[in-house]
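# Overview (structure and organization)
These are the residues of each chain, in order.
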Amino acid sequence: MSDRTPVRRALLGVYDKNGVEELARGLVNAGVELVSTGATAARIAAAGLPVTPVEQVTGFPETLDGRVKTLHPAVHAGILADRRRPEHVAQLDELGIAAFDLVVVNLYPFSDTVASGASPDECIEQIDIGGPAMVRAAAKNHPSVAVVVDPGRYDEVVEAVAAGGFTLAQRRELAAEAFRHTAAYDVAVASWMGNVLAPDDASGFPEWVGGSWERTDVLRYGENPHQGAALYRSGQSGLADAEQLHGKQMSYNNYVDTDAAWRAAHDHADPCVAIIKHANPCGIAVGADIAAAHRKAHACDPVSAFGGVIAANREVDLTLAEQISEVFTEVVVAPSFTDDALGVLTAKKNIRLLRMPEAPRLSVELRAISGGLLLQTADRIDAPGDDPTSWTLAAGAPLDAAGLDDLVFAWRAVRAVKSNAILLAADKATVGVGMGQVNRVDSARLAVARAGERATGSVAASDAFFPFADGLQVLLDAGVRAVVQPGGSVRDEEVIAAAAAAGVTLYLTGTRHFAH
Ligand SMILES: NC(=O)c1ncn([C@@H]2O[C@H](COP(=O)(O)O)[C@@H](O)[C@H]2O)c1NC=O
């Protein structure tokens, strides 16, 4: 037996009026009686279609500048009567209220109004009250009523009505979508109230954080094959919105590494390439052009670059595409690709190509911990201590312009490395990276070992202060010519003395860039 419920009477009240005439025409052609709010009704009537204004149903004029239109028992009892219960049907009869079988509503554009920089009063006026009330009522009563909040579904609606109504499964799906819609709407309103209208204290962090993420993909697996995983997008522009131009589906680890690569490549203004494995760089470099940057980045650690993720902060051209095609690469993310570059790269079946025109602009970072969530302002590379003119020369002679450029590159690159991070660079390219060790001496040893002969004459950056002189001593013994580090250790004097004794330039930034 079919569980379709016929649609005889529909209530339409939409802010976004795109497609509403076509919807109304389809419904009228299927014999559906339409009831509608002010401007929606005017639009339908102007298309020459029969429509009953909601005022005629409520017996009450739209009032208070539209703040009260549909908030009336004749509307809400018509939506909320459970037609499976004879007593509900009888009560509607007694009251002379006709039931609705279909409710089509979309809400005032609150978030767009906030984003436009409108005044608090204008934003408040765009908090829809009657719309969510109808949507929630219809979604609750989905055994009897179908609710539609997405104009993209209008064709489906006309089809379902012509087929004899919506199935229970369809009404359940529409109800779930409707509650997601009002929940996300309320999160936006509550967040704005907490953050903008009534910030609770001087901490800058809201007392409550609500989230709204939409699933855009179910991934093959998570970090490991026995883990399930899916991708959700927040609605704010970022890597989750990148356009995949080619290749297999992105994996969980691909997303993590690509996010790290994308950020690392955008920490430099000149053409830059970052090659990432396990969220750590195996090479970052800037060059005269993007292909040159890649050659230098790849040369840092060609062994580790195998199977890496590559981010470029400029368009991928033919030369770069040819270079990349020689190395097994999981993902390439870039603002764009030339046609001939795409021709070369798409010849590789498995390489994933992502187009991401925008640079990262994260302002807050969230991290889940068991039972909670940590929020912090994003670590940017624009702190006062990131400006080399603010650095303190603590030991040795000031660097010449080229040497200082290298040291600034190393400082900007080291924040892409998981702590404890030591990074050696020459000619604005990493030559040795020591990452993720639980003491700074081992990170220094790793960076020096990876650099090999290239350590001599290179410059070094440390993401945080040297707690003892031992880590720095590893770099001095390897022949680095300059070091930049935050400073701030209780043993700074010991550390500075070691650099001075070796005749090596040491700058202090006063800013730290831990990455865990
Ligand atoms: N006040 C009410 O009773 C009310 N009922 C419906 N609305 C909204 O008014 C809009 C439709 O109105 P119109 O057809 O006049 O453009 C829809 O976005 C709907 O969600 C209302 N507006 C705000 O709360």
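Quantities reported herein were computed from a predicted structural model and do not represent experimental measurements. (Residues numbered from 1 in each chain as written. Predicted model: local features only at pLDDT ≥ 70, side-chain atom pairs only at ≥ 80, totals over all residues. Heavy atoms only, no water.)

## Some words on the overall build of the protein
- Secondary structure assignment for the protein yields 19 helices and 21 strands.
- Taken over C-alpha atoms, the radius of gyration comes to 30 Å for the protein, far larger than the 24 Å a tight globule of 516 residues would show.
- With respect to the three principal axes, the spread of C-alpha positions in the protein is 95 × 55 × 40 Å.
- Looking at the 516 residues of the protein, the share that counts as buried comes to 46%.
- In the protein, the share of contacts with a sequence separation of at least 24, taken over all contacts with a separation of at least 6, comes to 55%.
- Carbon and sulfur atoms form 53% of the exposed surface of the protein, whose accessible area is close to 24500 Å².
- Each charge class in the protein can be summarised by its mean position, and for the 44 positive and 64 negative side chains these summaries are 5 Å apart. (Helix = DSSP H or I, 4+ residues; strand = E, 2+ residues; numbered from the N terminus. Rg over C-alpha atoms; globule rule 2.2 N^0.38 Å. Buried < 20%, exposed > 50% of the residue type's maximum accessible area, 1.4 Å probe, protein only. Contact = heavy atoms within 4.5 Å. Areas by Shrake-Rupley, 256 points an atom, 1.4 Å probe, with all protein chains shown as cover. Lys, Arg positive; Asp, Glu negative; His and termini not counted. Charge placed at Lys NZ, Arg CZ, Asp CG, Glu CD.)

## Notes on the layout of surface pockets
- Here the second largest pocket defines a volume of roughly 470 Å³.
- Elements represented by at least two residues in the lining of the second largest pocket include exactly strand E1 (9-14), helix H2 (38-46), strand E4 (102-106), helix H7 (120-125) and helix H8 (130-140).
- Among the residues making up the lining of the second largest pocket, the classes are represented as 10 nonpolar, 10 polar and 7 charged. (1 Å grid on protein atoms, 1.4 Å probe; cavity = no way out; pocket = protein on both sides within 12 Å on 5 of 7 lines; lining within 4 Å. Points joined across faces, edges and corners; volume = space filled by probe spheres on them. Nonpolar A, V, L, I, M, F, W, Y, C, P; charged D, E, K, R; others polar.)

## Thoughts on the pairing of strand E15 (residues 372-377)
- Sheet topology places strand E14 (residues 364-369) next to E15; 6 bridges connect them, and they run antiparallel. Paired with Glu365 across the bridge in E15 is Gln376. (Pairing = 2+ DSSP bridges.)

## Some details on the domain arrangement of the protein
- Taken domain by domain, the protein comprises domain 1 (4-196), domain 2 (243-355) and domain 3 (388-508).
- Centre-to-centre, using C-alpha coordinates, domain 2 lies 27 Å away from domain 3.
- Counting each side, the surface lost to burial between domain 2 and domain 3 is near 1500 Å², with a carbon and sulfur contribution of 49%.
- A per-residue breakdown of the area domain 2 buries against domain 3 is headed by Asp267, Asn280 and Cys300, which together make up 32% of the total.
- For the pair domain 2 and domain 3, the number of links is 3 salt bridges.
- The closest approach of N and O atoms between Asp427 and Lys296, which form a salt bridge, is 3.9 Å.
- The interface formed by domain 2 and domain 3 contains 9 residue pairs in polar contact (both at pLDDT 80 or more).
- Breaking the side of domain 2 that touches domain 3 down by element, the ones donating at least two residues are helix H11 (252-265), strand E10 (280-286) and helix H12 (290-300).
- The element contributing the most residues to the side of domain 2 that touches domain 3 is E10, with 6 residues.
- In the side of domain 2 that touches domain 3, the residues fall into 8 nonpolar, 3 polar and 5 charged. (Domains from an automatic or database assignment. Buried area = accessible area lost by both parts, 1.4 Å probe. Salt bridge = Lys/Arg side-chain N within 4 Å of Asp/Glu carboxyl O. Polar contact = N/O pair within 3.5 Å; in protein donor to acceptor, adjacent residues only side chain to side chain.)

## Some details on the environment of Ala464
- Assignment of secondary structure puts Ala464 in the loop between strand E19 (459-462) and helix H18 (469-478).
- Under the relative-accessibility criterion, Ala464 is labelled buried at 4%.
- Distance in space between the C-alpha atoms of Ala464 and Val286 is 23 Å, their sequence separation being 178 residues.

## Here's the deal with the environment of Ser251
- Examined against the element boundaries, Ser251 turns out to sit in the loop between strand E8 (243-246) and H11.
- Distance from Ser251 to Ala425, taken between C-alpha atoms, is 31 Å for residues 174 residues apart in sequence.

## Regarding the site of the ligand
- Near the ligand, the surroundings consist of 23 residues, among which Thr40, Arg67, Thr70, Asn106 and Asp128 are the closest.
- Within the contact set of the ligand, an oxygen atom lies 3.0 Å away from a backbone nitrogen or oxygen of Ala39.
- One nitrogen or oxygen atom from the main chain of Gly130 is found 2.8 Å from an oxygen atom belonging to the ligand.
- For the ligand, whose unbound accessible area comes to 520 Å², protein coverage reaches 96%.
- Given that more than half its atoms are within 2 Å of the pocket grid, the ligand belongs to the second largest pocket.
- Residue assignment for the shell around the ligand shows that the elements contributing at least two residues are E1, H2, E4 and H8.
- Residues of the shell around the ligand, tallied by class, amount to 10 nonpolar, 9 polar and 4 charged. (Near = heavy atom within 4 Å. Sits in = over half its atoms within 2 Å of the grid points.)

## Section: the pattern of salt bridges
- By the definition in use, this model includes 20 salt bridges.
- Here Glu21 ties to Arg43 by a salt bridge, and the two come within 2.9 Å at their closest N and O atoms. In this pair, Glu21 is assigned in helix H1 (residues 20-29) and Arg43 in helix H2, connecting sequence segments 22 residues apart.
- Across the salt bridge formed by Asp82 and Arg84, the nearest N and O atoms sit 2.9 Å from each other.
- We classify Asp82 as buried; its relative accessible area is 5%.
- The class for Arg84 is exposed, based on a relative accessible area of 60%.
- Put simply, Arg153, Glu156, Glu173 and Glu177 are held in one network by salt bridges that share partners.

## Quick word on the side chain of His268
- Within the secondary structure layout, His268 lies in the loop between H11 and strand E9 (272-277).
- Taking the relative accessible area as the measure of exposure, His268 reaches 7% and is therefore buried.
- The residues touching His268, leaving out its near neighbours within four places in the chain, are Ile284, Val286, Asn313, Phe409, Arg412 and Ala413.

## Regarding unusual backbone geometry
- The omega torsion across Ser419 and Asn420 is -10 degrees, close enough to zero to call that bond cis.
- Among the secondary structure elements, Asn420 is positioned in the loop between helix H16 (401-414) and strand E17 (422-426).
- Positive phi values are uncommon outside glycine, yet Asp65 reaches one of about 55 degrees.
- The topology assignment puts Asp65 in the loop between helix H3 (54-58) and helix H4 (73-80).
- If you check the backbone angles, Ala279 has positive phi at about 65 degrees while not being a glycine.
- On the basis of relative accessible area, Ala279 is assigned to the buried category, the value being 11%.

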